[in-house]
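Here is what each chain is made of, one letter per residue.
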Amino acid sequence: MRTFSDREGKSWKVERIGRTSGIVNTTGGGSGSLGPADIVRFVCESNPDEAERETTMSAGLLGDSSDADLLSCLEGARKIRKR
């Protein structure tokens, strides 16, 4: 688990919640082999009304990622609808 701040000063927690298999559908014409990726979830600690977000990143890189890398992932992550 890591914490960082976004451009607006909101505090975010990010943690790995799973890992993909790395198996891909090759019938779509994709090239190269893909390895497993970590599924990460972002939760805004400073604003509980902010939607959680999820995305993938290369397996094992969460701990070594810079705050700038995490911010880039956050900005591209899909929002999770609250139930």
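Residues numbered from 1 in each chain as written. Predicted model: local features only at pLDDT ≥ 70, side-chain atom pairs only at ≥ 80, totals over all residues. Heavy atoms only, no water.

Novice: Just checking my understanding: could you explain the overall build of the protein chain for this structure?
Specialist: Check the secondary structure of the protein chain and you find 1 helix and 5 strands. Tracing the protein chain from N to C terminus, the helices and strands come up as β-β-β-β-α-β. When burial is assessed residue by residue, the protein chain has 29% of its 83 residues classed as buried. Look at the contacts in the protein chain between residues 6 or more apart in sequence, and 51% of them connect residues 24 or more apart. Of the roughly 5,700 Å² that the protein chain leaves accessible, carbon and sulfur atoms contribute 45%. (Helix = DSSP H or I, 4+ residues; strand = E, 2+ residues; numbered from the N terminus. Buried < 20%, exposed > 50% of the residue type's maximum accessible area, 1.4 Å probe, protein only. Contact = heavy atoms within 4.5 Å. Areas by Shrake-Rupley, 256 points an atom, 1.4 Å probe, with all protein chains shown as cover.)

Novice: Would you take a moment to explain the sheet that holds strand β1 (residues 2–5) for this structure?
Specialist: Within a beta sheet, neighbouring strands are joined by backbone hydrogen bonds and run either parallel or antiparallel to one another. As summarised here, the arrangement of the 5 strands in space is β1-β2-β3-β4-β5, forming an open sheet in which the pairing is antiparallel. In this open sheet, the two strands that pair with only one neighbour each are β1 and β5 (78–79). Two elements, strand β3 (residues 37–44) and strand β4 (residues 53–58), share 6 bridges in a ladder whose sense is antiparallel. Bridge assignment links A37 to a residue of β4, and that residue is S58. On top of the sheet, helix α1 (residues 67–76) reaches β1, β2 (11–19), β3, β4 and β5; it is set at about 80 degrees to β1, its chief contact. (Pairing = 2+ DSSP bridges. Axes fitted to C-alpha atoms, helices over the stretch in contact; angles between N-to-C directions.)

Novice: How should the packing of aromatic side chains be read in this particular structure?
Specialist: When we look at a pair of aromatic rings, we describe it by the centre distance and by the angle of the planes. In the structure shown here, the tally under the stated rule is 1 aromatic pair. With a centroid separation of 6.0 Å and an interplanar angle of 85 degrees, the aromatic rings of F4 and F42 are classed as edge-to-face. Of this pair, F4 sits in strand β1 while F42 sits in strand β3, and the two are 38 residues apart along the sequence. A relative accessible area of 4% means that F4 is categorised as buried. (Phe/Tyr/Trp six-rings, centres within 6.5 Å; stacked < 30°, edge-to-face > 60°.)

Novice: What's the story with the pattern of salt bridges in this structure? I'm lost.
Specialist: Side chains carrying opposite charge are able to pair once their charged atoms draw close together. For the structure shown, the criterion picks out 10 salt bridges. Residue R41 pairs with E54 through a salt bridge whose shortest N-O separation is 2.2 Å. Placement of the pair is R41 in strand β3 and E54 in strand β4, with a sequence separation of 13 residues. Under the relative-accessibility criterion, E54 is labelled buried at 12%. A salt bridge links E50 to R53; the nearest nitrogen and oxygen atoms lie 3.0 Å apart. Neither residue differs from the other here; E50 and R53 are each classed as buried. (Salt bridge = Lys/Arg side-chain N within 4 Å of Asp/Glu carboxyl O.)

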